[in-house]
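Single-letter residue listing:
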Amino acid sequence: MISGALWAFDAVLLKPGRRERLQAAEQQAANGGQTLPASAATEIMREPWLFETAHGFFPVLAVVWVLRSFIAEPFTIPSGSMIPTLQVGDYVLVNKFAYGLRLPVLGTEILPVAEPKRGDVMVFKFPANPSINYIKRVIGLPGDVIESRDEVLFINGVEASRELQSALPEAELGEEIYLENLNGVSHFTREEAGMQPAGPMWSYTVPKGEYFMMGDNRDNSNDSRFWGPVAENLIVGRAFYIWMHKQPGLHLPIFSRNGSIQ
């Protein structure tokens, strides 16, 4: 933004003055029967250092801004609400074009592409504070009836079947890892035995134009069970790839977790 403003300031206010000085120098040389040397003309038209730097950076920054605003943007996972799918310190790429072209800040859709699908891992603006980005999994689409019966989800009356994965080496005492089938989309979830933060039984009908979101770390996720659905205009994009992992603090990044997000 600053580089663009400096470039525009120079182009509108300063460059015309340099052109006038160049014309005067060329006229003076012509009056003396000479031609103004190219080096002298270049020196007269040279941009001041600050504006020359801004001019050089502006196209690059403009391209980066367009890419981050409309195509893809990197995000960092700050909490464990999506364990085991995403770990604290994962760096993910988010496809901001997956659900349509949206105006930055406002979130207004100007070119529809596709609707969020059940099972997508989606980044959105937290409804209670849109300045904060959240990442959760799409559980309910507009009009869906979401039920939980002793931690087992039902979507429109159809059970999201799950299988206990007891062979996972990272399993801890009291921790349960499941492979859940969310009406055709399989992914891992984590639960803590005996924990039911939203209660053993609950039901919710998703309003039109909104989405019901839950973290894969079911007993440690602040999600739609507690603050409601996510409106369409708060959608940022679909998380699709882990490109780096770095533990907080003085740790080198690792790339062994790189891969598509399921």
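Up top is the structure these notes are about.
Because the structure is a prediction, the values reported are computed rather than measured.

**Q** Explanation requested: the overall build of the protein chain in the structure shown.
**A** Assigned secondary structure in the protein chain consists of four helices and 17 strands. Buried positions account for 36% of the 262 residues belonging to the protein chain. In the protein chain, once contacts between residues fewer than 6 apart in sequence are set aside, the share between residues at least 24 apart is 55%. Total accessible area on the protein chain stands at roughly 14,500 Å², and carbon and sulfur atoms take up 61% of it.

**Q** Teacher, can you tell me more about the pattern of salt bridges here?
**A** Pairing between side chains of opposite charge can happen when their charged atoms approach one another. Enumeration over the complete set of coordinates arrives at nine salt bridges. Among the salt bridges present, the one from Asp216 reaches Arg137, with a minimum N-O distance of 2.7 Å. Here the residue Asp216 occupies a position in the loop between strand S14 (210-214) and helix H4 (224-227), and Arg137 occupies one in strand S6 (residues 133-140), the gap between them amounting to 79 residues. Neither Asp216 nor Arg137 differs from the other in exposure class; each is buried. Connected through shared salt-bridge partners, Glu175, Arg190 and Glu192 make up one network.

**Q** Would you explain the side chain of Asp223 in this entry?
**A** Looking at the element boundaries, Asp223 is found in the loop between S14 and H4. In this structure Asp223 touches Lys136, Met213, Met214 and Gly215, once residues within four positions along its chain are discounted.

**Q** What should I look at first to understand the pairing of strand S8 (residues 152-155) in this one?
**A** Within a regular strand, the side chains alternate between the two sheet faces. Neither face of S8 is open: one carries Val152 and Phe154, the other Leu153 and Ile155, and all of them are buried. Between the end of strand S7 (residues 145-149) and the start of S8, which pair antiparallel, lie two residues, with Asp150 showing a positive phi angle near 50 degrees. Across two bridges, the pairing between S8 and strand S9 (residues 158-159) is antiparallel. Within the sheet, the bridge partner assigned to Ile155 lies in S9 and is Val158. Hairpin connection from S8 to S9: two residues lie between these consecutive antiparallel strands, with Asn156 at a positive phi of about 55 degrees.

**Q** Would you mind going over unusual backbone geometry with me for this structure?
**A** If a residue is not glycine, its phi is most likely negative; likewise, a peptide bond is most likely trans. The omega torsion of the bond from Ile83 to Pro84 falls at 10 degrees, within 30 degrees of zero and hence cis. Here Pro84 is to be found in the loop between strand S1 (72-76) and strand S2 (90-95). In this structure, Asp150 takes a positive phi of about 50 degrees despite not being glycine. Take Asp150: its relative accessible area is 48%, and that puts it in the partly exposed class. If you check the backbone angles, Asn156 has positive phi at about 55 degrees while not being a glycine. Assessed through its relative accessible area of 43%, Asn156 is described here as partly exposed.

**Q** Can you help me understand the sheet that holds strand S10 (residues 162-164) in this one?
**A** Paired through backbone hydrogen bonds, the strands of a sheet run either parallel or antiparallel to each other. Spatial strand order, S10-S11-S12: three strands in an open sheet with antiparallel pairing. One side of each edge strand has no neighbouring strand; the edge strands of this open sheet are S10 and strand S12 (185-192). Within this sheet the neighbouring strands show an average axis-to-axis angle of 25 degrees, counted without direction. With three bridges joining them, S10 and strand S11 (residues 175-182) adopt antiparallel strand pairing. Bridge pairing links Leu164 to Tyr178 in S11.

**Q** What should I look at first to understand the sheet that holds S9 in this one?
**A** Within the open sheet, the four strands sit side by side as S9-S8-S7-S13. Their pairing is antiparallel. The sheet terminates laterally at S9 and strand S13 (201-205), the two strands that pair on one side only. Inspection of the sheet shows S7 paired to S13 by five bridges, in the antiparallel sense. Residue pairing across strands places Arg149 opposite Met201, the latter belonging to S13.

**Q** Help me understand the nonpolar core in this model?
**A** One recurring pattern in soluble globular proteins: nonpolar side chains tend to sit buried together. Judged by nonpolar contacts, the single largest core of 14 residues is most densely connected at Met122, Val138, Tyr211 and Met213. Of all the secondary structure elements, the ones that give two or more residues to this core are strand S5 (121-125), S6, S14 and strand S15 (230-231). Listed in part, the 13 residues of the second largest apolar core include Phe75, Leu86, Val92 and Ile261.

**Q** Explanation requested: the packing of aromatic side chains in the structure shown.
**A** Aromatic rings in a pair are described by how distant their centres are and how their planes are angled relative to each other. Tallied over the entire structure, the rule returns eight aromatic pairs. Taken together, the ring pairs in this structure connect Phe124, Phe126, Tyr134 and Trp227 into an aromatic cluster. When the ring centre of Phe154 is taken as reference, the NZ or CZ atom of Arg149 above it lies at 3.8 Å. Above the face of the Tyr178 ring, Arg162 is positioned so that its terminal group lies 3.9 Å from the ring centre.

Basis of the calculations
Residues numbered from 1 in each chain as written. Predicted model: local features only at pLDDT ≥ 70, side-chain atom pairs only at ≥ 80, totals over all residues. Heavy atoms only, no water. Helix = DSSP H or I, 4+ residues; strand = E, 2+ residues; numbered from the N terminus. Buried < 20%, exposed > 50% of the residue type's maximum accessible area, 1.4 Å probe, protein only. Contact = heavy atoms within 4.5 Å. Areas by Shrake-Rupley, 256 points an atom, 1.4 Å probe, with all protein chains shown as cover. Salt bridge = Lys/Arg side-chain N within 4 Å of Asp/Glu carboxyl O. Pairing = 2+ DSSP bridges. Axes fitted to C-alpha atoms, helices over the stretch in contact; angles between N-to-C directions. Core = buried A, V, L, I, M, F, W, Y, C linked by side-chain atoms within 4.5 Å. Phe/Tyr/Trp six-rings, centres within 6.5 Å; stacked < 30°, edge-to-face > 60°. Lys NZ or Arg CZ within 6 Å of the ring centre and 35° of its normal.

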